[in-house]
Amino acid sequence: MQHKRSFLVAFSGLICALSLVVLFLTGIVPFATYSLPCIAGFLLVTTMVECGDSWAWLSYVAISFLAIILTPDREAALMYVIFFGYYPMLKKYLERIPSRLLEWTSKILLFIAAVTAGYFGAVYLLGMNYLLKEANEFGRYSLLAMLGLGTIVFLLYDIALTRVISVYILYLRKKIFRRFH
């Protein structure tokens, strides 16, 4: 579907605004620190499908910048910037790797690197020292156990994301844009 520049700007702007609203909701629904950034990241997939890769990546940069400055839950904003914002778009490229083993290994290593960077970023850049205290309360290997559990959740997230993207492309997209065809 070929779109005019005005559509690209309007659609990207709308998705940026919706993503920021979703990230703002983390201030209202504090237990959604991880799920709402996932939803905001999925919204960028729609920009990638409708407007192209460059518009989606530009939108990611804009949302990330505004999320860090404006959203009340800094941890959710950091999770969006560090992983959930770009991963749904990067997934397209990772799934082009011919070997399934190498594909999944790359995805898992990317996740582990992002979570590790996010953890140390939260502690040392954002001053969330309480994360270190909480980890020490659960024992020496609690961080490794959490990373292992997080990896399992990530695998489920990746599978669910594939299905949600498929539903958007195969069903919802036709319903939403039927007037434009």
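First things first, this report covers the structure right here in the doc. (Residues numbered from 1 in each chain as written. Predicted model: local features only at pLDDT ≥ 70, side-chain atom pairs only at ≥ 80, totals over all residues. Heavy atoms only, no water.)

With that settled, the discussion passes to the overall build of the protein chain. The helix and strand inventory of the protein chain stands at eight helices and zero strands. The N-to-C order of helical and strand elements in the protein chain reads α-α-α-α-α-α-α-α. Here the protein chain, with 181 residues, has 42% of them falling under the buried criterion. Counting every atom, the protein chain has about 10,600 Å² of accessible surface; 72% of that belongs to carbon and sulfur. (Helix = DSSP H or I, 4+ residues; strand = E, 2+ residues; numbered from the N terminus. Buried < 20%, exposed > 50% of the residue type's maximum accessible area, 1.4 Å probe, protein only. Areas by Shrake-Rupley, 256 points an atom, 1.4 Å probe, with all protein chains shown as cover.)

In terms of nonpolar packing, the biggest core is built from 43 residues, with Leu 44, Ile 63, Tyr 80, Phe 83, Tyr 87, Met 89 and Tyr 157 touching the most fellow members. In terms of residues, this core owes the most to one element, helix H2 (residues 35-51), which gives nine residues. Leave out the neighbours within four places in its chain, and Tyr 87 touches Leu 94, Lys 107, Leu 110, Phe 154, Tyr 157, Asp 158 and Leu 161. (Core = buried A, V, L, I, M, F, W, Y, C linked by side-chain atoms within 4.5 Å. Contact = heavy atoms within 4.5 Å.)

Another point: helix H6 (residues 100-125). Compared with an ideal rise of 1.5 Å per residue, which puts 26 residues at 38 Å, H6 spans 36 Å between its outermost C-alpha atoms and is within 8% of the ideal. Those residues of H6 that sit buried are Glu 103, Lys 107, Phe 111, Ala 114, Gly 118, Tyr 119, Gly 121, Ala 122 and Val 123. (Expected span 1.5 Å × (residues − 1).)

Two elements in contact, helix H3 (residues 53-70) and helix H4 (residues 74-84), have axes whose closest approach is 9 Å; the angle formed by their N-to-C orientations is 160°. Taken together, H3 and H4 sit at an angle that is classed as roughly antiparallel. Crossing hand, H3 versus H4: left-handed. Taken together, the residues of H4 that come into contact with H3 (itself represented by Tyr 60, Ile 63, Ser 64, Ala 67, Ile 68, Ile 69 and Leu 70) are Arg 74, Ala 77, Leu 78, Tyr 80 and Val 81. (Axes fitted to C-alpha atoms, helices over the stretch in contact; angles between N-to-C directions. Parallel < 35°, antiparallel > 145°, perpendicular 65-115°, else oblique. Left-handed = near helix turned anticlockwise from the far one by under 90°.)

Before going further, it helps to spend a moment on the packing of aromatic side chains. Summed over all chains, the structure comprises 15 aromatic pairs. Ring centres 6.1 Å apart and planes at 85° place the aromatic pair Trp 57 and Tyr 60 in the edge-to-face group. Of the two residues, Trp 57 and Tyr 60 both sit in helix H3, three residues apart, roughly one turn of that helix. Relative accessible area serves as the criterion here: at 28%, Trp 57 is assigned to the partly exposed category. Judged by centre distance (4.9 Å) and plane angle (20°), the rings of Phe 83 and Tyr 87 are stacked. Taken together, the ring pairs connect Trp 57, Tyr 60, Tyr 80, Phe 83, Phe 84, Tyr 86, Tyr 87, Phe 111, Phe 154 and Tyr 157 into an aromatic cluster. (Phe/Tyr/Trp six-rings, centres within 6.5 Å; stacked < 30°, edge-to-face > 60°.)

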